[in-house]
Protein chains: 2
Amino acid sequence: MAVITVIGLGSMGLGMALSLRRAGHRVIGCDLREDAAKPLLAEGGEAGPAREAAAQSDIVVSVVLNAAQTEAVLFGPDGCAAAIKPGGAILSCATVPPEVARRLAAKAEALGLHYLDAPISGGAAKAGQGKLSIMAAGTEAAFDAAHPALDAMAETVHDLGRAAGAGSAMKAVNQLLAGVHIAAMGEALAFAKSQGLDLERTVEVISVSAGSSWMFENRAPHVVAADYAPRSAVTIWPKDLGIVSAIADDAGLPVPLTRAALGQFDAAVAAGWGAEDDAAVTRVYARAAGLRLPGDD
Amino acid sequence: MAVITVIGLGSMGLGMALSLRRAGHRVIGCDLREDAAKPLLAEGGEAGPAREAAAQSDIVVSVVLNAAQTEAVLFGPDGCAAAIKPGGAILSCATVPPEVARRLAAKAEALGLHYLDAPISGGAAKAGQGKLSIMAAGTEAAFDAAHPALDAMAETVHDLGRAAGAGSAMKAVNQLLAGVHIAAMGEALAFAKSQGLDLERTVEVISVSAGSSWMFENRAPHVVAADYAPRSAVTIWPKDLGIVSAIADDAGLPVPLTRAALGQFDAAVAAGWGAEDDAAVTRVYARAAGLRLPGDD
């Protein structure tokens, strides 16, 4: 039984907080939105300001949007890291550049804290079931200190070594591929439509062919069903592919497919579809070629 | 027991001819290279000029490189279609634009022949085991006439309707995705290397994550093993993605990911790696960023 603070109760963070609670931990949820903690309170969790929560906690799980928010909630003027008892652990779960993870780890260690670079994957449903994949890197002591939280939140913990940064690097590799594959799904379905193929049949055939991908099988059915209720929103991708692109630039590595996919997601945001399911990138293609997708009048 | 001519004894065509032979059919293999039919002869098959072979055959399977070769072997000055007995069937297996498939079907039907638009997928190993996937479209009579050959060559026949062209269109959709996914695999592995990640571990983690694809799981291990012996050569992709790109242009559909991937495969050919396994596209990235891949001295 640990005391665990969860900062950021979006769909992922809330699911993680609930999984921690259901595993029997004392869980304090922190979010700027008043109502965000309600489902957690209903299951015996608590809510409160991050600094006060962190001061009572063994583990602080940060599940905010990006690197800037992560840095602010941990080490900003109202940051909570300084309130955590020495020997406590920080799990940083947002997708951030590896160099940011290394910098935050050094700051945490200077305060006598453990830091686990621990980006998450799997979506909100798996977060609520305690079945996330976590790409984790940190010292052995950080893994040990984070153990109760990892056990409750994850089905799979990929141990990527003793140095923070490797978790974020692997997450970036995954996001590069996932983002490119979603845009490729949109490109392929629009292409199929332009050739008069039935989209439902196309999804059936491609899903059992060499052209398939995890993202194709997951997202293409959304297009067939004209269902753009956001499981994962378009706006994730300008952010995550932007991170990939910036890291690659620093490394002198051209990433033309990442850039092409980024351009398509940017176009989807510009068209007003940012809050829709990321399968809506297919519409960017359809609009350009004057094609009608399922659900178009 | 049918008499079946197979034109084009490359790695796919030879495997298909052997599968047809092993199913008990009389099989005549045709190839411009003298030695190409040897393995077929060793299993009781025959060899000969395409016109003479076609004149004796119930079914002619064309497995040549592209649209121009398909048109030449069937309807060129020495083409064999005119020699096939009325009621005979042509299976056209090369990847060609849908409009070419429609045109060739019309020519075949004008001669009283059945034409099945029947692109293949699965690679040489599956061709030799009679376990290909075939994306087929044609009249019901064409399917009936092609039946003995389909049964012997394919594990899965996707019936894409009664009009030639749909098989080729679906194959193009598959190739769009497959080509983009191979280039994305190379982009992702080079990115991982630039961030200091171990490539073998990267392949393990990504293969069970949302960034995975059929092509990632199949090709990334080639890079880890530095094994570029060609199961499928780089040169396939400038051809197949060129077809996709041209079809998309005709339809007014921008295909930025296809174009980005095509550029990387073109660069691999220009670097002298055209005959290597298509996973060698990873080297285009590595060279651009000065990264060392497994096998680099």
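For clarity, every value in this text was computed on a predicted model and none was experimentally measured.

**Student:** Is there a simple way to explain unusual backbone geometry in this structure?
**Tutor:** Note: most peptide bonds trans; most residues except glycine with negative phi. Residues and elements named next belong to chain A. Of note in the backbone geometry, alanine 226 takes a positive phi value of approximately 50 degrees without being a glycine. The topology assignment puts alanine 226 in the loop between α10 (214-224) and α11 (236-250). Judged by the 11 C-beta atoms lying within 10 Å of it, alanine 226 falls in the exposed class.

**Student:** Looking at this model, I keep getting lost on the domain arrangement of chain A. Mind explaining?
**Tutor:** Quite often, the size of an interface is put as the accessible area lost when its parts meet. Residues and elements named next belong to chain A. Splitting chain A by domain gives domain 1 (3-163) and domain 2 (168-289). Placing a centre on the C-alpha atoms of domain 1 and another on those of domain 2 gives a separation of 29 Å. If you look at the interface, domain 1 gives 13 residues, while domain 2 gives 13 residues. When its residues are assigned to classes, the side of domain 1 that touches domain 2 shows 7 nonpolar, 5 polar and 1 charged.

**Student:** Help me out: how do you make sense of the relation of the copies chain A and chain B in this one?
**Tutor:** At an RMSD of 0.0 Å, chain A and chain B line up after a rotation of 180 degrees and a shift of 0.0 Å along the axis. In symmetry terms, the pair is related by a two-fold rotation axis. Of the C-alpha atoms belonging to chain A, the one lying closest to the rotation axis is found on serine 213 of chain A, 1.9 Å away. A shared binding surface is used by both copies, with 100% of the interface residues of chain A retained as interface residues in chain B.

**Student:** Looking at this structure, how should I read helix α1 (residues 11-22) of chain A?
**Tutor:** Residues and elements named next belong to chain A. With 12 residues, α1 ought to run about 16 Å at 1.5 Å a step, and its terminal C-alpha atoms sit 17 Å apart, in line with that. Burial analysis of α1 places 10 of its 12 residues in the buried class, the great majority of the element. Among the residues of α1, Met12, Gly13, Leu14, Gly15, Met16, Ala17, Leu18, Ser19, Leu20 and Arg21 are the ones counted as buried. Where α1 ends, the next residue or the one after it, glycine 24, has phi of about 100 degrees, a positive value.

**Student:** Would you explain the interface of chain A and chain B in this entry?
**Tutor:** With 52 residues of chain A at the contact, the number on the chain B side is 53 residues. The biggest single contributor to the side of chain A that touches chain B is helix α8 (residues 166-194) of chain A, with 18 residues. Grouping the constituent residues of the side of chain A that touches chain B by class yields 35 nonpolar, 16 polar and 1 charged.

**Student:** What is the right way to read the environment of serine 133 of chain A from this model?
**Tutor:** Within the fold, serine 133 of chain A resides in strand β8 (residues 132-136). Judged by the 21 C-beta atoms lying within 10 Å of it, serine 133 of chain A falls in the buried class. What serine 133 of chain A contacts, discounting residues up to four positions off in sequence, is Ser121, Gly122, Ala154, Glu155, Thr156 and His158 of chain A together with Ser209 of chain B.

**Student:** Sorry if this is basic, but what is going on with the sheet that holds strand β9 (residues 154-159) of chain A here?
**Tutor:** Within a beta sheet, neighbouring strands are joined by backbone hydrogen bonds and run either parallel or antiparallel to one another. All names here are of chain A. Taken together, the 3 strands give an open sheet; going across it, the order is β7-β8-β9, and neighbouring strands pair in mixed fashion. Unpaired on one side and paired on the other, β7 (120-121) and β9 mark the two borders of the sheet. Two strands pair when backbone bridges link them, and β7 and β8 are joined in this way by 2 bridges, in the antiparallel orientation. In the sheet register, isoleucine 120 faces β8, and the bridge partner there is isoleucine 134.

**Student:** It is not clear to me how the pairing of strand β4 (residues 59-62) of chain B should be interpreted in this structure. Could you clarify?
**Tutor:** The two faces of a sheet get side chains in turn, since along a regular strand they alternate between them. All names here are of chain B. Side chains Ile59 and Val61 project from β4 onto one buried face, and the interleaved Val60 and Ser62 project onto a second face that is buried too. One ladder, built from 4 bridges, connects strand β1 (residues 3-7) with β4; its direction is parallel. Along β4, the bridge assignment pairs isoleucine 4 with isoleucine 59. Note: β4 against strand β5 (residues 89-92), 4 bridges, orientation parallel. Its bridge partner being in β5, isoleucine 59 is matched across the sheet by alanine 89. Handedness of the β-α-β unit built from β4, helix α4 (residues 67-75) and β5 comes out right-handed.

**Student:** Help me understand the sheet that holds strand β5 (residues 89-92) of chain A in this model?
**Tutor:** All names here are of chain A. One open sheet accounts for 6 strands, arranged β3-β2-β1-β4-β5-β6; its pairing is parallel. Looking at the sheet topology across the chains shown, the edges are occupied by β3 (46-47) and β6 (114-117). Across the sheet, α1 is in contact with β1 (3-7), β2 (26-30) and β4 (59-62); its angle to β1 comes to roughly 170 degrees.

The rules behind each value
- Residues numbered from 1 in each chain as written.
- Chains lettered and ligands numbered in written order.
- Predicted model: local features only at pLDDT ≥ 70, side-chain atom pairs only at ≥ 80, totals over all residues.
- Helix = DSSP H or I, 4+ residues; strand = E, 2+ residues; numbered from the N terminus.
- Buried ≥ 20, exposed ≤ 12 C-beta atoms within 10 Å, placed from the backbone.
- Domains from an automatic or database assignment.
- Contact = placed C-beta atoms within 7 Å.
- Nonpolar A, V, L, I, M, F, W, Y, C, P; charged D, E, K, R; others polar.
- Least-squares fit on C-alpha atoms with pLDDT ≥ 70 in both.
- Expected span 1.5 Å × (residues − 1).
- Pairing = 2+ DSSP bridges.
- Right-handed = clockwise from strand over helix to strand, strands pointing away.
- Axes fitted to C-alpha atoms, helices over the stretch in contact; angles between N-to-C directions.

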